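Residues per chain, in single letters:
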Amino acid sequence: SGRWARAEAIVNDFEEKCATPIGKLRQVADAMMVEMHAGLASEGGSKLKMLISYVDSLPKGDEKGLFYALDLGGTNFRVIRVQLGGKEQGVINQEAEEVSIPPHLMVGSSYELFDFIASEVARFVTSESEEYQLPAGRQRELGFTFSFPVRQTSLASGTLIKWTKGFSIEETVGEDVVSELTKAIERQGLDLRVAALVNDTVGTLAGGRYYDNDVIAAVILGTGTNAAYVERAHAIPKWHGLLPKSGEMVINMEWGNFRSSHLPLTEYDLLLDTESLNPGEQIFEKLISGMYLGEILRRVLLSLAEEASFFGDIVPPKLMVPFILRTPHMSSMHLDTSSDLRVVGSKLKDILGISNTSFKTRKMVVKLCDIIAKRGARLSAAGIFGILKKQGRDVATEKQRTVVALDGGLFEHYTTFRKSLENTLAEMLGKDVDSSVIIKHANDGSGIGAALIAAAHSQYL
Ligand code: ADP
Ligand code: MG
């Protein structure tokens with residue numbers, strides 16, 4: 001019928017505009033490299049901030065002692081302790097506690113928020129069992145994973161650029177978050193030094209390196225997306241400090257803000273951006289991360305309903321609600337293996353109030369999931385390829401292993417996405433190189449990573 005033909009035309013047009021042939025991905029990777037160079041050359045030189053992390057030595061595996069971490073990323077925070085036993089014993093003991101932040105504290109005062117966090121840290125520390133041993137006379141040391149944009153001024157200081165993810169406390173902006181935390185810890189009467197302030201990507205890189213010496217980059221694919229990697233210090237023109245002994249510096253790319261004319265942006269992406277809370281920003285993130293994939297799907301389905309009466313004569317009202325269709329819903333539809341696509345049918349019914357969908361309709365929805373997820377996964381692979389190319393790891397060398405640590409709910413749970421990313425990277429690398437490049441899932445590496453960075457930079461070394 002005419003309706004179905006119109007729907008097919010819309011989907012085919014969308015598919016064409018989302019296409020990511022290898023040639024295009026190479027252009028994206030090259031553009032990423034160009035922006036990396038520009039961001040390293042000067043402050044504000046690129047959409048990529050290429051933030052200097054002040055982490056110039058990553059864990060070696062021989063760290064010893066009791067260390068702590070605090071992971072503040074969203075609505076929850078985690079406190080972690082880890083007893084490290086050196087090369088032989090590795091991680092002897094590890095414990096974590098997750099605490100949710102009362103919503104009123106996310107929009108209250110700095111003082112109250114940090115007081116709450118510090119009191120939980122104090123409670124965690126004082127409830128320590130005998131297995132955890134701090135040598136006499138030694139101060140406790142903590143790594144602080146803080147996943148908000150921060151301009152760092154040293155390994156253990158940095159000013160908040162802005163809050164995101166539902167936090168809004170004006171007075172904290174421009175303040176040093178380590179000093180805020182330290183003051184609150186002192187108010188608790190706790191003797192504990194904040195030894196490092198790290199982004200979650202940097203923590204993931206450190207956590208990955210502890211277990212595998214060949215980890216040289218980390219990527220997070222979760223609600224948002226970001227990457228960090230190890231750069232040669234003399235290849236950072238904007239760095240005016242002393243060259244670190246290691247000759248290396250970890251860079252927090254803030255790659256979610258990458259943008260290039262080579263990115264396959266459709267009219268749906270442009271509108272999503274315009275109507276977002278941060279128009280013009282985080283364009284790469286809006287194509288590939290978990291916060292947005294389901295929303296792109298909703299927008300295409302809405303246009304099918306409006307332009308081709310895809311779900312019948314009326315446009316389903318729920319389909320007009322922004323962000324109602326989440327990426328986990330999308331992935332469970334995409335991964336539906338039942339012969340009648342009944343998961344797709346029930347998701348459409350439960351989430352969007354669309355019942356009695358035909359098999360043909362369900363199949364079309366799966367096809368859209370595939371187009372959107374593949375584009376995101378392939379672009380993520382192109383970004384990783386860009387990093388490897390910048391590091392000179394895109395060519396075959398004397399059997400040098402290269403490991404990239406990946407974490408985040410999207411990568412972990414969306415199997416089709418993950419496989420597509422891995423296959424695309426393999427395709428870009430070619431057979432010779434691919435056998436020496438490994439993508440490794442670094443489960444929750446960001447928290448323990450911060451404790452390891454604190455250990456690697458301990459005042460007692
Ligand atoms: P965050 O990025 O907020 O720190 P996570 O790394 O745990 O937290 O990622 C959570 C995100 O991962 C969710 O917002 C969602 O977009 C995505 N996600 C979680 N589960 C799934 C799933 N089953 N399928 C696809 N995406 C998922
Ligand atoms: Mg996270």
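All of these numbers come straight from a predicted model, not from anything done at the bench.

Reading guide: rules and limits
- Sequence positions are assigned chain by chain, starting from 1 and proceeding in written order.
- Lettering for chains starts from A, numbering for ligands starts from 1, and both go in the order in which the items are written.
- pLDDT decides what is reported in this predicted model: residues at 70 or higher carry local features, side-chain atom pairs at 80 or more are listed and counted, and totals for whole chains, interfaces and linings draw on all residues regardless.
- Only the contacting stretch of a helix is used when fitting its axis, a line to C-alpha atoms as for every element, and angles between N-to-C directions run 0 to 180 degrees.
- Each helix corresponds to a stretch of at least 4 residues labelled H or I by DSSP, and each strand to a stretch of at least 2 residues labelled E; elements are numbered beginning at the N terminus.
- Note: crossing handedness is left-handed where the near helix turns anticlockwise from the far helix by less than a right angle, and right-handed where it turns clockwise.
- C-beta atoms are placed from the backbone for every residue, and two residues are taken to be in contact when these atoms lie within 7 Å.
- Domain extents, as shown, originate in an automatic or database domain assignment.
- Amino acid classes used here: Ala, Val, Leu, Ile, Met, Phe, Trp, Tyr, Cys and Pro are nonpolar; Asp, Glu, Lys and Arg are charged; the rest, including Gly, are polar.
- Each helix should span, by expectation, one fewer than its residue count multiplied by 1.5 Å.
- Exposed residues have 12 or fewer other C-beta atoms within 10 Å of their own C-beta, buried residues have 20 or more, and partly exposed residues fall in between, where C-beta atoms are placed from the backbone.
- UniProt positions are given in the numbering used here, feature names are shortened, and annotations may be inferred rather than shown by experiment.
- In short, DSSP must find at least two bridges between two strands for them to pair.
- One number per residue, pLDDT, summarises how confident the predictor is, and it ranges from 0 to 100.
- Relevant arc is that of directions from the helix axis to the C-beta atoms, nothing else.

Considerations on the packing of helix α1 (residues 2-17) against helix α10 (residues 293-308)
Okay, so step 1: Put simply, α1 and α10 touch, their axes get as near as 9 Å, and they point 145° apart. Remark: the crossing between α1 and α10 carries right-handed chirality. On α10, the residues touching Arg-3, Arg-6, Ala-7, Ile-10 and Phe-14 of α1 are Val-300, Ser-303, Leu-304, Glu-307 and Ala-308.

Remarks on the domain arrangement of the protein chain
Okay, so step 1: Domain boundaries in the protein chain define domain 1 (1-52 + 212-443) and domain 2 (54-198).
Okay, so step 2: Opposite the seven residues of domain 1 that make contact, domain 2 presents five residues.
Okay, so step 3: Listed by contribution, the elements that provide at least two residues to the side of domain 1 that touches domain 2 are β1 (51-52) and β11 (248-252).
Okay, so step 4: Top contributing element to the side of domain 1 that touches domain 2 by residue count: β11, with three residues.
Okay, so step 5: Looking at the side of domain 1 that touches domain 2 residue by residue, the classes come out as five nonpolar, one polar and one charged.

With respect to helix α16 (residues 445-456)
Okay, so step 1: Here α16 spans 16 Å end to end across twelve residues, near enough to the 16 Å set by a 1.5 Å rise per residue.
Okay, so step 2: Among the twelve residues that make up α16, twelve are buried, leaving the element largely enclosed by the rest of the structure.
Okay, so step 3: Every buried residue of α16 is listed here: Gly-445, Ser-446, Gly-447, Ile-448, Gly-449, Ala-450, Ala-451, Leu-452, Ile-453, Ala-454, Ala-455 and Ala-456.

Comments concerning the UniProt feature "domain: Hexokinase C-terminal" (unreviewed entry) in the protein chain
Okay, so step 1: The positions that UniProt labels "domain: Hexokinase C-terminal" (unreviewed entry) are, in the present scheme, residues 217-455.
Okay, so step 2: Secondary structure content for residues 217-455 is 49% helix and 12% strand, while the C-alpha to C-alpha distance between its ends is 20 Å.

Here we look at the sheet that holds strand β5 (residues 140-146)
Okay, so step 1: The sheet built from five strands is open, its strands ordered β4-β3-β2-β5-β8 with mixed pairing. Lying at the two open borders of the sheet, with one neighbouring strand each, are β4 (91-100) and β8 (192-198). Neighbour-to-neighbour, the strand axes of the sheet open up by a mean angle of 20°, direction not taken into account.
Okay, so step 2: The sheet contact formed by β5 and β8 spans six bridges and is parallel. Bridge pairing in β8 places Gly-143 opposite Ala-196.

Topic: unusual backbone geometry
Okay, so step 1: Even without glycine at this site, Glu-254 takes up a positive phi of about 50°.
Okay, so step 2: A positive phi is found at Leu-341, a non-glycine position, where the angle reads about 50°.
Okay, so step 3: Here Leu-341 shows up in the loop between α11 (327-334) and α12 (342-352).
Okay, so step 4: When the 21 C-beta atoms within 10 Å are taken as the criterion, Leu-341 is described as buried.

Side note on the confidence of the model for the protein chain
Okay, so step 1: Residues at a pLDDT of 70 or more form 99% of the protein chain, whose mean pLDDT is 94.
Okay, so step 2: Interface confidence in the predicted complex, given as ipTM, is 0.98; pTM for the same model is 0.93.

A look at helix α8 (residues 267-274)
Okay, so step 1: Taken together, the buried positions of α8 are occupied by Tyr-268, Asp-269 and Leu-272. One side of α8 holds all its buried residues, which, seen down the axis, span an arc of 100°. Facing away from the buried side of α8 by more than 90 degrees, the exposed set consists of Glu-267, Leu-271 and Thr-274.
Okay, so step 2: Buried positions along α8 lie against α9 (283-288) and α10.

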